[in-house]
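# Inside the fold
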Amino acid sequence: MKNKRIKSYRRAMQLYQSSFGFREPYQLLVDAAFLQSCVKQKMDIMARLHDVLQGAVKPMITQCCIQALYDAGSEAQAAVDAAKGFERRKCNHFKARPEDECMLAMAGTENKNRYVFATQSLPLRESLRAVPGSPIIYIARSVMLLESPSNQTLAKKRRVEESKLHVSAEELAVITGKPLPSADPVASTSAAPADDSVAASEGAAEPPKKKKRKGPSGPNPLSVKKKKAKPADPNAGRRPSKREREEDGGESREQKRQREEDGKVVSLAARGEGGEKKKRRRRRKGAATGADGEGGPAGEGGAGSGGEA
Ligand SMILES: [Zn+2]
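Residues numbered from 1 in each chain as written. Predicted model: local features only at pLDDT ≥ 70, side-chain atom pairs only at ≥ 80, totals over all residues.

Summing up its helical and strand segments, the chain has 15 helices and 6 strands in all. Residue burial in the chain is summarised as follows: out of 309 residues, 22% are buried. (Helix = DSSP H or I, 4+ residues; strand = E, 2+ residues; numbered from the N terminus. Buried ≥ 20, exposed ≤ 12 C-beta atoms within 10 Å, placed from the backbone.)

So, about the confidence of the model for the chain. Note: predicted coordinates in regions of low pLDDT should not be interpreted at a detailed level. A residue-level look at the chain finds 60% of positions with pLDDT of 70 or above and a mean pLDDT of 76. Residue range residues 183–210 is modelled with pLDDT below 50. Its contacts to residues more than four positions away, or to other chains, number 20 contacts. Ignoring residues within four places in sequence, the model shows residues 285–309, a span with pLDDT below 50, making 12 contacts including any to other chains. (pLDDT = per-residue confidence, 0-100. Contact = placed C-beta atoms within 7 Å.)

Further remarks concern the nonpolar core. Membership of the largest hydrophobic core comes to 45 residues, with the highest contact counts inside it found for Cys65 and Phe117. The residues touching Phe117, leaving out its near neighbours within four places in the chain, are Leu29, Met103, Ala107, Leu128, Ser134 and Ile136. (Core = buried A, V, L, I, M, F, W, Y, C linked by C-beta atoms within 7 Å.)

Turning our eyes to something else, we now look at the pairing of strand 5 (residues 136–140). Within strand 5, 4 of the 5 residues are buried, leaving the element largely enclosed by the surrounding structure. In the classification by handedness, the crossover that spans strand 4 (residues 115–118), the intervening helix 7 (residues 122–128) and the parallel strand 5 is right-handed. Across 4 bridges, strand 5 lies against strand 6 (residues 143–146) in antiparallel orientation. Bridging across to strand 6, Ile139 finds its partner in Met144. (Right-handed = clockwise from strand over helix to strand, strands pointing away. Pairing = 2+ DSSP bridges.)

Judged by pairing direction, the sheet is mixed, and its 6 strands sit side by side in the order 3-2-1-4-5-6 without closing on themselves. The two strands at the open ends of the sheet, each matched to only one other strand, are strand 3 (87–89) and strand 6. Strand-to-strand twist across the sheet, computed as the mean angle between neighbouring axes with direction ignored, equals 30°. Seen against the sheet, helix 2 (residues 32–40) touches strand 1 (26–30), strand 4 and strand 5 and runs at an angle of roughly 45° to strand 5. The sheet contacts of helix 4 (residues 63–71) involve strand 1, strand 2 (57–62) and strand 3, and relative to strand 2 the element is tilted by about 70°. (Axes fitted to C-alpha atoms, helices over the stretch in contact; angles between N-to-C directions.)

Below, the discussion takes up unusual backbone geometry. With an omega dihedral of -5°, the bond running from Glu24 to Pro25 counts as a cis peptide bond. Tracing the backbone through its elements, the reader meets Pro25 in the loop between helix 1 (3–20) and strand 1. The backbone of Lys42 sits at a positive phi, close to 55°, despite the residue not being glycine. Structurally, the position occupied by Lys42 is in the loop between helix 2 and helix 3 (45–53). Judged by local crowding, Lys42 falls into the exposed class, with 8 C-beta atoms found within 10 Å.

Take the pairing of strand 4 next. The two faces of a sheet get side chains in turn, since along a regular strand they alternate between them. Side chains Tyr115 and Phe117 project from strand 4 onto one buried face, and the interleaved Val116 and Ala118 project onto a second face that is buried too. The pairing of strand 1 with strand 4 spans 4 bridges and is classified as parallel. Across the sheet, the residue bridging to Leu29 is Phe117, located in strand 4. Sheet topology note: the strand 4/strand 5 ladder contains 2 bridges and is parallel.

Once that is clear, we can look at the environment of Gln120. Position of Gln120 relative to the elements: it lies in the loop between strand 4 and helix 7. Sequence spacing of Gln120 and Ile136 is 16 residues, and the spatial spacing of their C-alpha atoms is 9.8 Å.

Okay, the environment of Arg141 next. Here Arg141 is to be found in the loop between strand 5 and strand 6. Overall, Arg141 belongs to the exposed group, with 6 C-beta atoms counted inside 10 Å. Put simply, Arg141 and Gln41 are 100 residues apart on the chain and 9.5 Å apart in space, counted from C-alpha to C-alpha.

The next subject is the environment of Met13. Relative to the elements of secondary structure, Met13 occurs in helix 1. Placed 39 residues apart in sequence, Met13 and Val52 show a C-alpha to C-alpha distance of 9.4 Å. When near neighbours in sequence (up to four residues on either side) are disregarded, Met13 contacts Leu53, Gln54 and Gly55.

Here it is, written out as structure tokens:
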């Protein structure tokens, strides 16, 4: 096989592997005409298939295709013998269908089972080109060839690659925990509306966090404390300095409090005159025999004696 052809086949199979999940051994479906052609050319089928697909091959034949060989009679006996070594693929066609129809049914719309199709039918090859990810092998002038990937296959490959790129960008944003500037437009264009709003809210939530983080790296709180206190709040917990009292119109909060307390004392004392008389009476009754002045507090005693006299 020519070097150039080997290279292009290798590239093609790499595409089928990376974008469509093809793996060795490749599952190969043959039709009756392909097999008959191989036998007629006295080809080493397995060796040629390995060359073309650049890897191990698992040949298969559907029930309908083997039926087509049986129907061909003695002429196809050598091909039937060759097919005996192949895995019989169930196509679930209760009544044998035309081979092209059977093979196309095996491909479905997206060749889910990743078959490689070996066929001599031009209409079938044409139809299979519309199914992305369907490698096609055929024989031309006694040479086994691999069709270059179809336009449908190349288009699907591009879509797969793009989706992979998008996913990786979103994953990157998730991994880093920050919506990257490059990731935002991707999310807004590709993500569903719900996801978009989430991404937007996350984006909105991020900047304040950053500000908070920046805060502690600002001025040292200890250095702030040294500064002259600002009105109201800073004064709440601590005793105002002498200088502050002076600034505060000559009377500080403490002085006000002091004055109020004095007033209370005064008023209490004023009320106390009436109360003390009652108290004194009670005491007189209790301490009739004892010394009057020594028992009670000095103030009361003094007041009492003063009042009495
Ligand atoms: Zn079938």
